[in-house]
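# Structure assessment
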Amino acid sequence: MPFFQQVYALTRSIPMGKVTTYGELAKALGTRDARRVGHALHANPDQSTPCHRVVSKDGRLAPNYAFGGNLEQRAKLIEEEVTFLDQEHVDLKKHLYRPTPPDL
DNA sequence: CCGTTGACCCTTC
DNA sequence: AGAAGGGCCAACG
């Protein structure tokens, strides 16, 4: 399975009200390169992948969110009942979700 | 085809 | 405590 597909799979595997980080996804997939994870989500063809549930290690949202910008991303997270520390940071202490590698 | 860039993170100085 | 460097690889010019 392509790396991208694994990223999409784990991202879709994130339950509602939960958020994960690029690093967690990268490590879960067996690599340190979180950039590919980010790039994969950016290259995401459509909303089939909830990239709004994927944030940076500090809980910061993506500066160049694919659909409608980080405003839409934040709105979706709020719809998921995810609490925000500020306009760009989610509460990882409450909503940090750790993905599980599909082939491990 | 080669070089640079990049939704990033972690370790060492 | 902060700064610098290493990693790993696809997409863009």
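Our subject is the structure listed above.
Residues numbered from 1 in each chain as written. Chains lettered and ligands numbered in written order. Predicted model: local features only at pLDDT ≥ 70, side-chain atom pairs only at ≥ 80, totals over all residues. Heavy atoms only, no water.

So, on to the packing of helix α1 (residues 3–12) against helix α3 (residues 34–42). Put simply, α1 and α3 touch, their axes get as near as 9 Å, and they point 80° apart. Taken as axis vectors, α1 and α3 run roughly perpendicular relative to one another. In this structure, α1 contributes F3, F4, V7, Y8 and T11 to the contact, and α3 contributes R36, V37, H39, A40 and L41. Class assignment for the residues of the contact of α1 with α3 results in seven nonpolar, two polar and one charged. (Axes fitted to C-alpha atoms, helices over the stretch in contact; angles between N-to-C directions. Helix = DSSP H or I, 4+ residues; strand = E, 2+ residues; numbered from the N terminus. Parallel < 35°, antiparallel > 145°, perpendicular 65-115°, else oblique. Contact = heavy atoms within 4.5 Å. Nonpolar A, V, L, I, M, F, W, Y, C, P; charged D, E, K, R; others polar.)

With that settled, consider the packing of aromatic side chains. Following the criterion strictly, the structure yields two aromatic pairs and no others. Ring geometry for F4 versus Y8: centroids 6.2 Å apart, planes at 85°, classification edge-to-face. Of this pair, F4 and Y8 both sit in helix α1, four residues apart, which is roughly one turn of that helix. If you follow R36 out to its NZ or CZ, it ends over the ring of F3, 3.6 Å from the centre. (Phe/Tyr/Trp six-rings, centres within 6.5 Å; stacked < 30°, edge-to-face > 60°. Lys NZ or Arg CZ within 6 Å of the ring centre and 35° of its normal.)

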